[in-house]
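Structural description and commentary
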Amino acid sequence: MKLLLVEVTQRTKGGETRREKLIESASVRVGRSANCEIHIADPRVLLHAFTIEDRLGGPTLVSEAEGGVLVNGSFKSVHPITPGDRIDVGPYRMQARLKGDEYDLSFKLRQVEAATDDLAELKARSRTDLGSVGLGKRGWSWLLFAAVFAIFVALPVVGGFFKPDRKDAGMMNLASHWPGNADKVWLSGEISNPHKFFGATCESCHQQPFIQVRDDACLTCHTNVQMHAKPADSAHVGLDGYSCQNCHKEHTGPQPVVLRDEKFCASCHTDLSKRLAGTPLLDVRDFDRQHPEFKPSIPADFMSGGGWTRVALNTAPPPQEVSGLKFPHDKHLKADLRHPEKGNVKLECASCHKPDSGGVGMLPISFEGQCRDCHSLRFEALAPEREMPHGSVREAKRMVADFYAARALRGEPREAEPSTDPQRRRPGQVLTEAEKLEARAWADRKADEILNGKLGKGLCGECHMLVEANGGFEVAKPQLADRFMPLARFPHKDHREVPCLECHKADVSAAAADLLMPGINTCRSCHGGEKSTNKIASTCVACHVFHREGLPSMRKEKPADHAEFLPRLQQASMTAMVAGGKAGEAAR
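Residues numbered from 1 in each chain as written. Predicted model: local features only at pLDDT ≥ 70, side-chain atom pairs only at ≥ 80, totals over all residues. Heavy atoms only, no water.

**What to know about the overall build of the protein chain**
We apply this condition: Counting from the N terminus, the helices are the DSSP runs of H or I reaching at least four residues and the strands are the DSSP runs of E reaching at least two. Summary of the burial criterion: residues with accessible area below 20% of their type's maximum are buried, those above 50% are exposed, and those between are partly exposed, where the area comes from a 1.4 Å probe applied to protein chains only. Residues count as neighbours in contact if any of their non-hydrogen atoms are within 4.5 Å of one another. Accessible surface area values rest on a Shrake-Rupley calculation with a 1.4 Å probe, where residue burial reflects the displayed protein chains alone.
For the protein chain, the count of helices and strands is 17 helices and 20 strands. Burial status across the protein chain gives 28% buried among its 588 residues. Expressed as a percentage of contacts within the protein chain between residues at least 6 apart in sequence, the contacts between residues at least 24 apart total 49%. Summed over its atoms, the accessible surface of the protein chain is roughly 37,900 Å², and 56% of this surface lies on carbon and sulfur atoms.

Below is the structure:
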C-alpha cells in the first residue's frame, strides 16, 4: 500500500508551506511515537492513535484508542477510508483525497487548533494579591518592618540596660537573665567548642557594642601568644594592621578557630624573598611542589660551645653532627651483640630512645638511663661494687685516689694478689707519718695509673672525644640536640606504625657524626600538599605554628576591667563542669 502525505504548515507572516512524503508500507501507523510512519510531534496526540491497513475493501482506519477516532464528526473504531473523509487527531486534521497513479490514497495534514499555554492559564487562575486579604503591600511592609525592628534591634538594645553588673552577679545567672540576654538573636552561628564554656556571655569578647572583637579581649586569656615575625619585619611582610579576628573566625561551628588552609600561608611565603629583602627563608608554595629541603639544627662548634647552626640536608658535602660522642649505631643494632653479663642480646631503637609523655619528641639520652647496663665503669677487681662517677674526669680522679688512699691507710691489700703486697700489716697497728705519706703517694700514683690507662682514658675514649689538658685529659662536653628541627612539629606518636629504620638509617651508620634525619623526599612518600588525592593531604600548620616561640608577645597591655572579669569567667567554667557532673550522677 502506497500513501501520499501532504503536510501543510501555516506561516507566521501569512501563506502556507507544503511538504510531500510518499509512504509505502503494508500498514501505516499514525501518532506521536517516533515509530509511527506518520509522526505528529505534539503532546496532545496519542502515542499511537490509529492504523491504516489495506483490507479487501481498500484502505481502512483501525483505531487504537478505546473510544475510537473522530471521523467526519463521529467516533469510529473501524472505518473504510474514502476521498473526502476528515480524520481529527488532537489539534490536527487529516483529509483523505483521491488516489493517483503512483499512490493508492493521499492525505492532507494541517493543524486546525492553535497551541495553548496551560501553565499560563493555571498561573492566571491561581494568582492572589494582598488586596484580597484586606491589606495592601504598604501595610504588610510596615508591619513586618516593625516586627523585625522590635525583635532584632530594639529588644536586644533595651535588654542591655537590664543586664546585671558582672561584678555583682554570677556568670551562670548572667547567662540566663531576661531580658538581658535578648541579644542572643544577634548570634551569627554556633560558637566553637573551646569557647562554649563562656559563650553565653557575649561581653567576654564583645566588650563594646557594634565594634569588632579587639585583640585585648583575646589576649586576656591567651596571654602567652607570641608574634609571627620580628617586629621590625612585620611591616615589610604585610602583617601590620592584622588582628586576631582576621585569622580566627568565631561563630562558624563547633570546630576550633585555627586557620588551616594552605592559601593563607602561601599568600606571603610564595614570594617572601621579594617582600623581605635579605631574609634567609626560602619561598614556599606547597609541600609537594615547592618546599625547601629540611634544615636541622646541628652543633656549630661543640669544642668551643659555638651554639647551633641550621644546615640543609641536601648540602654538599652532607652535614655532620659533630657532638663529641663516638657511637656506631650499626654495631649496637647487630643481632649478636654481646652483653657483659647476659650473653647475646638484641637491641632495638626503642631500647634507648624513649618517647616523652606527650608522644611528640624523645627523652634526652643519658649514661645512667641508656648506657650503664652494658658499659660498666668498674676499675678495681678487689672492689667490684665500686664504679667511677660519670661526667667529670676531676671527680673520677678524686674518687679513685680517695678509694686507694683509704685502702692503704686501713692496711688492706693494695693489689689483687695479696702475696705481692709488702705493705700488709696487723690490724690495729698505727702508721707512722712516713707510712701515711707513702700510702698517699701510692694512692695518687694508682689513681693516675687507672685514669690514664685502659680503665680510665681508654674507657672514656671509647665513647667520648678527649682533649689534652693540664698534663692529663678532659672529656669534651657532648652537645646533643633535643630537637633537630625546633621550628617544626613532628609527633612521633602519629607515626608509631612506621618502623624507625624506614626514616632513620641507623642500621648502616658506622659513626656518630652521621646525621640520621630523613630528608623531605622521605616525608613526601606519604604526605602531599593540601589538594593531594593520592597522599595524605598536609597543610602548613600540620608541621608549623603561626605564633613562634621566642618572639615578643602579641599582648601590649592588660585591660583592667576585663582582668577583673577573668576570675569570674574561670569560676563559671568550674560551676558548669560541677553541675554537669552532678546531673550525670543523677541520671545514672
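Still more to cover.
**Structural notes on a nonpolar patch on the surface**
For clarity, the threshold we go by: Exposure above 30% relative accessible area and no salt bridge define the residues that can form patches, which grow by joining like charges within 9 Å and nonpolar side chains of Val, Leu, Ile, Met, Phe, Trp and Tyr within 5 Å. Salt bridges, as used here, are contacts in which a Lys or Arg side-chain nitrogen is within 4 Å of a carboxyl oxygen on Asp or Glu.
Side chains of Trp-142, Phe-145, Val-148, Phe-149, Ile-151, Phe-152, Val-153, Val-157, Phe-161, Val-185, Trp-186 and Phe-210 sit close together on the surface and give an oily, nonpolar patch of about 1,300 Å² of accessible area. Summarising the element assignment, Ile-151 is placed in helix H2 (residues 137-159).

**Considerations on the side chain of Gln-245**
What counts, and what does not: A 3.5 Å cut-off defines polar contacts: any pair of N or O atoms within that distance qualifies, except that in protein one atom must be a possible hydrogen donor and the other a possible acceptor, and neighbouring residues in sequence count only when both atoms are side-chain atoms.
Position of Gln-245 among the secondary structure elements: in helix H6 (residues 244-247). A relative accessible area of 18% places Gln-245 in the buried class. Reaching out from Gln-245, the side chain makes a polar contact with the side chain of Gln-212 at a distance of 3.1 Å. Ignoring anything within four residues of it in the chain, the contact list for Gln-245 reads Gln-212 and Val-213.

**A word on the pattern of salt bridges**
This model, assessed by the stated rule, comprises 19 salt bridges. Glu-341 is paired through a salt bridge with Arg-378; the nearest N and O atoms lie 3.6 Å apart. With a gap of 37 residues between them, Glu-341 in the loop between strand E15 (337-339) and strand E16 (343-345) and Arg-378 in the loop between helix H11 (367-371) and helix H12 (393-410) connect regions that are remote in the sequence. Judged by relative accessible area, Glu-341 falls into the exposed class, the value being 63%. For Arg-378, a relative accessible area of 37% corresponds to the partly exposed category. In this structure, Arg-440 and Asp-444 form a salt bridge, with 3.8 Å as the shortest nitrogen-oxygen distance.

**What to know about the sheet that holds strand E8 (residues 74-76)**
Worth spelling out the cut-off: Any two strands with at least two DSSP-identified bridges between them are counted as paired. Axis angles are defined between N-to-C directions and span 0 to 180 degrees, where every axis is a line fitted to C-alpha atoms and, for a helix, only to the segment in contact.
With mixed pairing, the seven strands of this open sheet are ordered in space as E2-E1-E12-E11-E10-E7-E8. Every other strand in the sheet has two partners, leaving strand E2 (16-24) and E8 as the edge strands with one partner each. For this sheet, the mean angle separating the axes of adjacent strands, direction not counted, is 30°. Two strands pair when backbone bridges link them, and strand E11 (residues 92-97) and strand E12 (residues 105-111) are joined in this way by six bridges, in the antiparallel orientation. What sits directly across from Ala-96, in E12, is Phe-107.

**Quick notes on the sheet that holds strand E6 (residues 58-63)**
The strand order across the open sheet built from five strands is E4-E3-E5-E6-E9, with neighbouring strands paired in mixed fashion. Each edge of the sheet is formed by a strand with only one pairing partner; in this case those strands are strand E4 (38-39) and strand E9 (78-80). Here two bridges tie strand E3 (residues 27-31) to E4, and the two strands are oriented parallel to one another. Bridging across to E4, Gly-31 finds its partner in His-39.

**Observations regarding the pairing of strand E18 (residues 472-475)**
Summarising the sheet, strand E17 (residues 466-469) and E18 pair through four bridges and their orientation is antiparallel. From the neighbouring strand, Glu-468 faces E18, where its bridge partner is Phe-473.

**Looking at the nonpolar core**
Most often, soluble globular proteins keep nonpolar side chains buried together rather than apart. Our working rule: We define the nonpolar core as a collection of buried residues of types Ala, Val, Leu, Ile, Met, Phe, Trp, Tyr and Cys that are connected through side-chain atoms lying within 4.5 Å of one another.
Phe-50, Ile-52, Ile-81, Ile-87, Val-89, Met-94 and Phe-107 are the most contacted members of the largest nonpolar core, which has 24 residues in total. If you list the elements that add at least two residues to this core, you get strand E1 (2-10), E3, strand E5 (50-55), strand E7 (69-71), strand E10 (86-89), E11 and E12. With near-sequence residues (within four places) excluded, Met-94 lies in contact with Val-30, Ile-38, Phe-50, Asp-85, Arg-86, Ile-87, Val-89, Phe-107, Lys-108 and Leu-109. Counting 19 residues, the second largest nonpolar core, distinct from the first, contains Met-388, Ala-396, Ala-401 and Leu-451.

**Points about H2**
The criterion, for reference: A helix's residues, less one, multiplied by 1.5 Å, set its expected span. What we call the bend at a residue is the angle made by axes fitted to the seven residues finishing there and the seven residues starting there.
Its 23 residues place the ends of H2 32 Å apart at the C-alpha level, agreeing with the 33 Å of an ideal helix rising 1.5 Å per residue. Its axis deflected by about 40° at Ala-150, H2 carries its strongest bend there.

**So, the pairing of E11**
A one-sided burial pattern is seen for E11, the buried positions being Tyr-92, Met-94 and Ala-96 and the unburied ones Arg-93, Gln-95 and Arg-97. Relative to E11, E10 runs antiparallel, the two sharing four bridges. Within E11, the position partnered with Val-89 by the bridge is Tyr-92. Linking E10 to E11, which pair antiparallel, is a turn of two residues; within it Gly-90 sits at a positive phi near 60°.

**Observations regarding the packing of aromatic side chains**
Selection rule: For this analysis, a ring pair means two rings from Phe, Tyr or Trp (six-membered ring only for Trp) whose centres lie within 6.5 Å, classed as stacked if their planes differ by under 30 degrees, edge-to-face if by over 60, and tilted for the remaining angles.
Evaluated as defined, the whole model comprises eight aromatic pairs. Between Phe-197 and Phe-198, the aromatic rings sit 4.9 Å apart at their centres with planes inclined by 85°, giving edge-to-face as the arrangement. Owing to a relative accessible area of 39%, Phe-197 belongs among the partly exposed residues under this scheme. With a relative accessible area of 9%, Phe-198 lands in the buried category. Among the aromatic residues, those joined into a ring-pair cluster are Phe-379, Phe-403, Tyr-404 and Trp-442.

**Things to note about the packing of H12 against helix H13 (residues 433-451)**
Keep this limit in mind: The labels follow the angle: roughly parallel below 35 degrees, roughly antiparallel above 145, roughly perpendicular from 65 to 115, and oblique for the rest. Helix crossings fall into two classes, left-handed where the near helix is turned counterclockwise from the far one by less than a right angle and right-handed where it is turned clockwise. Under the scheme applied here, ten amino acids are nonpolar (Ala, Val, Leu, Ile, Met, Phe, Trp, Tyr, Cys and Pro), four are charged (Asp, Glu, Lys and Arg), and all others, including Gly, are polar.
In the contact formed by H12 and H13, the axes pass within 8 Å of each other and the chain directions differ by 140°. Between H12 and H13, the crossing angle belongs to the class labelled oblique. Two packed elements cross with a definite hand, and for H12 against H13 that hand is right-handed. Across the interface between the two elements, Val-393, Ala-396, Lys-397, Val-400, Ala-401, Asp-402, Tyr-404, Ala-405, Ala-408 and Leu-409 from H12 touch Lys-436, Ala-439, Arg-440, Trp-442, Ala-443, Asp-444, Lys-446, Ala-447, Asp-448, Ile-450 and Leu-451 from H13. In terms of residue class, the contact of H12 with H13 is built from 14 nonpolar, no polar and seven charged.

**Some details on the side chain of Ser-33**
Secondary-structure assignment places Ser-33 in the loop between E3 and E4. Excluding anything up to four places from it in sequence, Ser-33 contacts His-39 and Leu-47.

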